[in-house]
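Chain residues, written in single-letter form:
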Amino acid sequence: MKLSELAEDIIERLWIEVEEEGGAFLDPEAAMGLKSDAEAVRELARNALVELRNGMLYIRPEGREAGRMTVRRHRLAERLMMDVLNLRGEAGEQKVCQFEHLLTEGVDIKICTMLNHPTTCPHGKPIPPGECCYQARQSGDLGVVPLTEFKSGQEGEIAYIQTDDSKKMQKLMAMGVLPGNRILLTQAFPSYIFKVGFSEFAIDTALAREIFVRKR
Amino acid sequence: MSTTGSEQQQSGTVRRVALVGNPNVGKSVLFNALTGSYVTVSNYPGTSVEVSRGTVRIDGQSWEVIDTPGMYAIHTITEEERVAREILLNERPDVVLHVLDARNLERMLTMTLQLVEAGLPVVLVVNIMDEAERMGLQFDLELLRQRLNIPVIGAAMARKRGLAEIQQAIAGYQPPQTPRVISYSRLLEGDIHAVTSLMTGSYQLSHRALALLLLQGDEEVAELVRGCEGAGAVAIEQAVRGIAFERRESFHLDLSMERKEIIRKAVQGVVQVPANRRETMGERLSRLTVNPLTGVPLLLLTLYFGLYRFVGDFGAGTLVDFMEGTLFEKYFNPWITDLVKGITSWWPLQELLVGEYGVITLGVRYAVGIILPIVATFFLFFSLLEDTGYFPRLALLVDRIFKRFGLTGRAVIPMVLGFGCSTMATMVTRTLETVRERILATLLLALAIPCSAQLGVIIALLSKVPGGLAIWAGMMTLLFLVVGFVAAKLLPGETPMFYMELPPMRLPQLSNVLTKTYTRMQWYFLEILPLFVVASVLLWLGKITNFFETLVSAMNPVMQFIGLPREAAVAFIFGFFRRDYGAAGLYDLQTKGLLDGRQLTVAAVTLTLFIPCVAQFLMMKKERGWQVSLGIFGLVSLLAFGTGYLLNQFLVATRWLG
């Protein structure tokens, strides 16, 4: 079942209204300026996701799951815009609205994993966890964190380096800071000191934020 | 691979061997072991990077040995690395000794791979075997030799282990029959081929290596290729741009990962790592030095014993007393004065040579009697500390604080060196990453860091004024902090990130320390002694032409402004020629009873802050240009006299120090 974009927007609003705002129903006309016999509304009813009573939309159990996933996609898209693409404000919000509809058929799982299974959107609202989030939690994969999150004495594996400065990246790689290498943080103050193999390096906080490590 | 240079070299009698490798793998120790004492150290043309050269005879054949600066990869980033590669490119060594640390074999082999790939005549020296074995690592170097198909020698240069084998490997080096090719993934090979198929020129490095460097965006190699390929260069650049764009996300990473994989396979079975390894003495000591709780007290202890007791008490006290007080004042000066006066009776010439400001009685006496013992003890202390591997640890300890002054922890090395000779330290600020950092460090060196010569005299001078030394030290620290903080806020730009490898801590080798001290002394003397002579001549001219009297009168208002007698102007004028001349001038005034405790303190503070000596100013001009150096000059003068004024007002008002 693939819903139209408008239908997705409606079920999203309905879910938020019912699940988060504590409402019982959504008034399509007041909330979105839609007549109750609009095509998108009828589409939702046809798919048995909502029930239409007296012109008001009520969510059905099947609709709960669909709504949850739409909200999840929307908030994942927000995270992606903010954290990775660095698009903020009006422009970012517009892009989010277009982008969320593309996050179907497993794309959401990939994005969610790439963002390391975020739990909240940039506005602080919870992102409903997906199957991938449960799996990650279960397998004990605490994910990838910047080196600054490590405690001294903690060991892990370098996941990736994220820096705009390609020279710095090359320098780090030449020093042996390469994905897949084991890394041991030996001290976190006043500078970060870590070991890769038998070599020891000191870096400042700014650089430690750019080295991402996988806990083990 | 090209061999255009080899015919010339074979016909000549001298062959060349270059030592390359990461920093801190024992290259210099190997270099010293190979060459013995006939060594020249010089700056590589157009850079501040030092390159040592020496010679060795093996089986009747004379070899020039070149010790290159440390490099991490053939794709160069720092100035040191560029020089190292320039040497490989331009000097066409017959043998390249790649020295690496056995403990980090796997990581450092990446560069071996790059050197071999470049078609260079590589001999691999796996150094520091003794320490690696003590950690429980086991090596099968024969297996590594077979896999890499190049000579591999295990060595421990600190014990001269492996030296004979290395000499034999140099003498008996046979270039391979067919160039060795490192093969990568099909994708990368396709990219390499796309570039190499367009290349026709002949180079010192192989086409494959050059292609990879081009793809990594190496601008110097791009320049080189442009020069060699002529019309074909456009097509190459286009191909490179195309691939670089296609793989823009991850070319460096992909290449590094492929190389890492090749190395991982090559060292399988070569190194056995023990499950549990013991912590060595050095590692334990290292942990103590980097932990702020123990590191700061250790730092203070080091400074107290090293700078205060050894350089201050012993160098500037005991040694100077003996050299200057006994040797010069008692024996040499009376003798030379009589001698000169016996030869000539012409007064100006007598004055020039042995007068109050005479070239011999003042210039040489200062240079040899006062400065030599102080800088010798300082450089000895500095070189000793350098060889233990302590400086990088000090750098990480102070990085957070230095960030407030817009500097990174790296700047700690010029700063500490500044306590020895600010002129040399100003030159060393080149090693800092950004121009902004260099300017900030130069300013702080010019203002608030007293050099050892000055330090010695000022400590001796102010130790007679109770509380004077504390006020002086407090003022220096205050100005360092305030000016550093404010300058960092005002000067636009960002502080670069801090990253540094921590070499293992080890006991320094005496011979190495002495060689380093000697080279630094040599530099100092060649640069400084002529300046002393020039300064003496200028002072002499000033005296016989009465120019000084005029200048002293002109400075009278300034002296009054900060509450000093007019005679103090002499010290400030001298101070410009040498900061320590100035301090020594104060010493004279004090012995004549012209300064009380308050005036002495104010004068010492102002003089330390005031203009760096001529040599340092010239170095500033050379390194930073007229605009910046004159700016610093003006700022420093303003701050020095301004501080002198305020301090004097404060001391008068509070009636401290009488």
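Residues numbered from 1 in each chain as written. Chains lettered and ligands numbered in written order. Predicted model: local features only at pLDDT ≥ 70, side-chain atom pairs only at ≥ 80, totals over all residues. Heavy atoms only, no water.

Comments concerning the overall build of chain A
Line of reasoning, step 1. When you go through chain A residue by residue, the secondary structure sums to nine helices and eight strands.
Line of reasoning, step 2. Rg of the C-alpha trace for chain A: 22 Å, well past the compact-globule value of 17 Å for 216 residues, more than 25% over.
Line of reasoning, step 3. Referenced to the eigenvectors of the C-alpha coordinate spread, the extents of chain A come out at roughly 70 × 35 × 30 Å.
Line of reasoning, step 4. Scored against the burial criterion, the 216 residues of chain A give a buried share of 47%. (Helix = DSSP H or I, 4+ residues; strand = E, 2+ residues; numbered from the N terminus. Rg over C-alpha atoms; globule rule 2.2 N^0.38 Å. Buried < 20%, exposed > 50% of the residue type's maximum accessible area, 1.4 Å probe, protein only.)

Thoughts on the side chain of B:Thr408
Residue and element names in this part refer to chain B.
Line of reasoning, step 1. When you line up the elements, Thr408 lands in the loop between helix 17 (390-403) and helix 18 (412-418).
Line of reasoning, step 2. Given the relative accessible area of 2%, Thr408 is considered buried.
Line of reasoning, step 3. Thr408 has contacts with Asp399, Phe402, Lys403, Glu437, Thr495, Pro496, Met497 and Phe498, leaving out every residue within four places of it along the chain. (Contact = heavy atoms within 4.5 Å.)

Regarding the interface of chain A and chain B
It is common to give the size of an interface as the accessible area lost on bringing the parts into contact.
Line of reasoning, step 1. Taken together, the contact between chain A and chain B spans 33 residues of the former and 37 residues of the latter.
Line of reasoning, step 2. When chain A packs against chain B, close to 3,100 Å² is buried across both sides, 62% of that on carbon and sulfur atoms.
Line of reasoning, step 3. There are two salt bridges connecting chain A and chain B.
Line of reasoning, step 4. Residue A:Lys195 is joined to B:Glu283 by a salt bridge in which the shortest nitrogen-to-oxygen separation is 3.5 Å.
Line of reasoning, step 5. Linking chain A to chain B there are 13 residue pairs in polar contact (both at pLDDT 80 or more).
Line of reasoning, step 6. Per-element accounting of the side of chain A that touches chain B gives the leading share, eight residues, to helix 8 (residues 166-174) of chain A. (Buried area = accessible area lost by both parts, 1.4 Å probe. Salt bridge = Lys/Arg side-chain N within 4 Å of Asp/Glu carboxyl O. Polar contact = N/O pair within 3.5 Å; in protein donor to acceptor, adjacent residues only side chain to side chain.)

What to know about the pairing of strand 4 (residues 155-161) of chain A
Residues and elements named next belong to chain A.
Line of reasoning, step 1. In this sheet, strand 5 (residues 182-187) lies alongside strand 4 in antiparallel orientation, the contact comprising three bridges. Residue pairing across strands places Glu155 opposite Leu184, the latter belonging to strand 5.
Line of reasoning, step 2. Both strand 4 and strand 8 (residues 211-215) contribute to a ladder of five bridges, which runs antiparallel. If you follow Tyr160 over to strand 8, its bridge partner there is Phe212. (Pairing = 2+ DSSP bridges.)

Quick notes on the nonpolar core
Line of reasoning, step 1. Ranked by size, the top nonpolar core spans 106 residues in total, and within it B:Phe379, B:Leu407, B:Met415 and B:Phe572 carry the most contacts.
Line of reasoning, step 2. Formed by 82 residues, the second largest nonpolar core is a distinct cluster that contains B:Leu34, B:Leu124, B:Leu163 and B:Leu213. (Core = buried A, V, L, I, M, F, W, Y, C linked by side-chain atoms within 4.5 Å.)

Things to note about the packing of helix 21 (residues 452-462) of chain B against helix 28 (residues 597-609) of chain B
All names here are of chain B.
Line of reasoning, step 1. In contact at an axis separation of 11 Å, helix 21 and helix 28 are set at 170° when each is read in the N-to-C sense. Accordingly, the angle class assigned to the pair helix 21 and helix 28 is roughly antiparallel. Residues Gln454, Ile458, Leu461 and Leu462 of helix 21 form the contact with helix 28, whose own contacting residues are Leu600, Thr601, Ala604, Leu607 and Thr608. (Axes fitted to C-alpha atoms, helices over the stretch in contact; angles between N-to-C directions. Parallel < 35°, antiparallel > 145°, perpendicular 65-115°, else oblique.)

Concerning the domain arrangement of chain B
All names here are of chain B.
Line of reasoning, step 1. On domain assignment, one finds that chain B holds domain 1 (6-171), domain 2 (186-272) and domain 3 (292-654).
Line of reasoning, step 2. Taking only C-alpha atoms, the centre of domain 1 and the centre of domain 2 are 24 Å apart.
Line of reasoning, step 3. Each side of the interface is counted separately: domain 1 has 27 residues, and domain 2 has 22 residues.
Line of reasoning, step 4. Put simply, Glu117 and Arg259 hold a salt bridge, and the shortest N to O gap is 3.1 Å.
Line of reasoning, step 5. Taken together, the links from domain 1 to domain 2 amount to eleven residue pairs in polar contact (both at pLDDT 80 or more).
Line of reasoning, step 6. When the residues that make up the side of domain 1 that touches domain 2 are grouped by side-chain class, the tally is twelve nonpolar, seven polar and eight charged. (Domains from an automatic or database assignment. Nonpolar A, V, L, I, M, F, W, Y, C, P; charged D, E, K, R; others polar.)

Points about the packing of aromatic side chains
Describing an aromatic ring pair means giving the distance of the ring centres and the angle of the ring planes.
Residue and element names in this part refer to chain B.
Line of reasoning, step 1. The final tally for this structure, using the stated rule, is 19 aromatic pairs over all chains.
Line of reasoning, step 2. Relative to Phe305, the ring of Tyr304 has its centre 5.1 Å away and its plane inclined at 80°; by these criteria the two rings are edge-to-face.
Line of reasoning, step 3. A relative accessible area of 37% means that Tyr304 is categorised as partly exposed.
Line of reasoning, step 4. Consider the rings of Phe378 and Phe381, whose centres lie 6.4 Å apart with planes at 65°: the pair is edge-to-face. Of this pair, Phe378 and Phe381 are both found in helix 16 (residues 359-388), three residues apart, which corresponds to roughly one turn of the helix. This pair shows no difference in class: Phe378 is buried, exactly as Phe381 is.
Line of reasoning, step 5. Here the aromatic residues Phe378, Phe379, Phe381, Phe382 and Phe391 are joined through ring pairs into a cluster of three or more.
Line of reasoning, step 6. Across the ring face of Tyr499, the terminal group of Arg410 is positioned such that the distance to the ring centre comes to 5.2 Å. (Phe/Tyr/Trp six-rings, centres within 6.5 Å; stacked < 30°, edge-to-face > 60°. Lys NZ or Arg CZ within 6 Å of the ring centre and 35° of its normal.)

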